[in-house]
Amino acid sequence: MSLKAIVIADMEGVSGIGTDRVSWVNCHMEDWESLGRDRMTADVVAATRGALAGGAEAVNIFDFHDTGDSIRLEALPTGATLRGIFDYLVPFGGLDRDHDVLLLVGAHAKAAPSASDPGPAIFPHTVHAPIADLRYGGRSVGEIGMMAGLFGTLGVPLGLVTGDRAACEEARALCPAVESVPVKERLADGSERLLPEDEARALIASRAEAAVRDAARKAPVTFPTPLRLELTLRRPEMTSFELPPYMDRVDETTVGAWALSAFHALLSFYEGFQPCYMPVVRRLEEEDTRWIESLKARYPSVDWSGRAFYAARQRAGLALRPGCWTAEARREAEALMERWACPDLRKEDHG
């Protein structure tokens, strides 16, 4: 019997990249090109070689990170095919049931409750910064749950997850039998511990091999159907769009809809929810960007993006992305900037 594996790869959960190397995951920037792409590619190659050793005759790979061009095609082994998630009329439109096991490489944990506090995870988010939570049938899910549910609808089990420890724990809570490789973790004191990259990739290859060998004994991840999909955004303003007929308002930050399955829920998110809220989000991002630039002009002695002031914003819960700045957060940031502009007052923000 021929086996076919599918790899969905992201960058935030790959080995060798911690929070202090965030520039490595920013697509089309210098560090991404010279550092990030190589590491993501190396993790994907390790998983692919493991899958092939485990009996897969073919491995289809999807680059799910941002613009979808982080994996170096020339580095992939024979038997691997790189495909584009958004090469179709709808995301993942080229998928069918002709796969035997799903491998998630470089996965990250779902969105943290606070937009500025990652909690126990490294780079946690669900799709992007505006999302505070996504629920399938009342269960909070991130991209791991979205992918596992999508493929579970097609009868394809989740075999492997690699990423930070929080992502692996999230996957095991959803699918206890999944093989997992925690390549890094955020510790209680906020520091991070990363496995040596060679060690991490050896583990990825070994557990990818085991995932493929055991694929026939793994059950797909399923959700109740019909499936209630609810999306909570970071600010009430983000839901200030006119609701289409299939969507309802749950509260000031949450909208919902019904889907036939987890497969349809994912399509509904990308083709139904995103087109509604993203125009509002882009407007808020532009407003926040103008406000940040005005702060920089008002306090030129404070380096907004500098490591020291960014750390101070993190400690104050103010390390927010444009679009996520509430009125209260703005007031707190302005007060912080004012203190930092005065050397005598700045000392209280160092900790």
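Anything mentioned here points back to the structure above.
Treat the numbers as computed from the prediction; the structure is a model and nothing was measured. (Residues numbered from 1 in each chain as written. Predicted model: local features only at pLDDT ≥ 70, side-chain atom pairs only at ≥ 80, totals over all residues. Heavy atoms only, no water.)

A. Here's a closer look at the overall build of the protein chain. Secondary structure assignment for the protein chain yields eight helices and 12 strands. Principal-axis analysis of the C-alpha atoms gives the protein chain an extent of 70 × 50 × 35 Å. Taking all 351 residues of the protein chain together, 53% fall into the buried category. On the protein chain, roughly 15500 Å² of surface is accessible, and the fraction owed to carbon and sulfur atoms is 51%. Each charge class in the protein chain can be summarised by its mean position, and for the 39 positive and 52 negative side chains these summaries are 2 Å apart. (Helix = DSSP H or I, 4+ residues; strand = E, 2+ residues; numbered from the N terminus. Buried < 20%, exposed > 50% of the residue type's maximum accessible area, 1.4 Å probe, protein only. Areas by Shrake-Rupley, 256 points an atom, 1.4 Å probe, with all protein chains shown as cover. Lys, Arg positive; Asp, Glu negative; His and termini not counted. Charge placed at Lys NZ, Arg CZ, Asp CG, Glu CD.)

B. Region of interest: the packing of helix α5 (residues 262–298) against helix α7 (residues 327–341). Where α5 meets α7, the axes come as close as 11 Å, and the angle between the chain directions of the two elements is 20°. On the basis of their axis angle, the class for α5 and α7 is roughly parallel. The handedness of the crossing between α5 and α7 comes out as right-handed. Along its contact with α5, which presents Glu-287, Asp-288, Trp-291, Leu-295, Lys-296 and Arg-298, the element α7 presents Arg-330, Ala-333, Glu-334 and Met-337. (Axes fitted to C-alpha atoms, helices over the stretch in contact; angles between N-to-C directions. Parallel < 35°, antiparallel > 145°, perpendicular 65-115°, else oblique. Left-handed = near helix turned anticlockwise from the far one by under 90°. Contact = heavy atoms within 4.5 Å.)

C. Quick peek at the pattern of salt bridges. Overall, the coordinates contain 21 salt bridges when judged by the stated rule. Notably, a salt bridge pairs Arg-165 with Glu-185, separated by 3.0 Å at the nearest N-O pair. Note that Arg-165 is positioned in helix α3 (residues 165–174) and Glu-185 in strand β8 (residues 179–186), a separation of 20 residues in sequence. The closest approach of N and O atoms between Arg-186 and Glu-192, which form a salt bridge, is 3.7 Å. With relative accessibility at 24%, the residue Glu-192 sits in the partly exposed group. (Salt bridge = Lys/Arg side-chain N within 4 Å of Asp/Glu carboxyl O.)

D. Quick peek at the sheet that holds strand β7 (residues 158–164). One open sheet holds the seven strands; their spatial order is β3-β2-β1-β4-β7-β8-β9, and the pairing between them is mixed. Each edge of the open sheet is held by one strand with a lone partner, namely β3 (80–83) and β9 (192–194). With direction set aside, neighbouring strand axes in the sheet form an average angle of 20°. Across four bridges, strand β2 (residues 56–63) lies against β3 in parallel orientation. (Pairing = 2+ DSSP bridges.)

E. Summary view of the sheet that holds strand β11 (residues 248–251). The strand order across the open sheet formed by five strands is β6-β5-β10-β12-β11, and the pairing between neighbours is antiparallel. Each edge of the sheet is formed by a strand with only one pairing partner; in this case those strands are β6 (139–141) and β11. Put simply, the sheet's adjacent strands are angled 30° from each other on average, direction ignored. In this sheet, β6 lies alongside strand β5 (residues 131–136) in antiparallel orientation, the contact comprising three bridges. The residue bridging Leu-134 from the neighbouring strand is Val-141, located in β6. Sheet strands in contact with α5 are β5, β10 (227–233) and β12 (254–259), and its direction is about 35° off that of β10.

F. Up close: the pairing of β5. The buried fraction of β5 amounts to six of the six residues, a majority that puts the element mostly inside the structure. Sheet topology note: the β5/β10 ladder contains five bridges and is antiparallel. In the sheet register, Leu-134 faces β10, and the bridge partner there is Leu-231. The hairpin formed by β5 and β6 contains two residues between the paired strands, and Gly-137 there has a positive phi angle of roughly 60°.

G. Structural view of helix α2 (residues 143–153). Among the 11 residues in α2, 10 count as buried, and that is most of the element. Where α2 is concerned, the buried positions are Glu-143, Ile-144, Gly-145, Met-146, Met-147, Ala-148, Gly-149, Leu-150, Phe-151 and Gly-152. Note on α2: the residue one or two positions beyond its end, Gly-155, has a positive phi of about 85°.

H. Highlighting the side chain of Ser-180. Within the secondary structure layout, Ser-180 lies in strand β8. A distance of 2.5 Å separates the side chain of Ser-180 from the side chain of Arg-172, its partner in a polar contact. If near-sequence neighbours (up to four positions away) are discounted, Ser-180 is found in contact with Leu-160, Val-161, Cys-168, Arg-172 and Arg-207. (Polar contact = N/O pair within 3.5 Å; in protein donor to acceptor, adjacent residues only side chain to side chain.)

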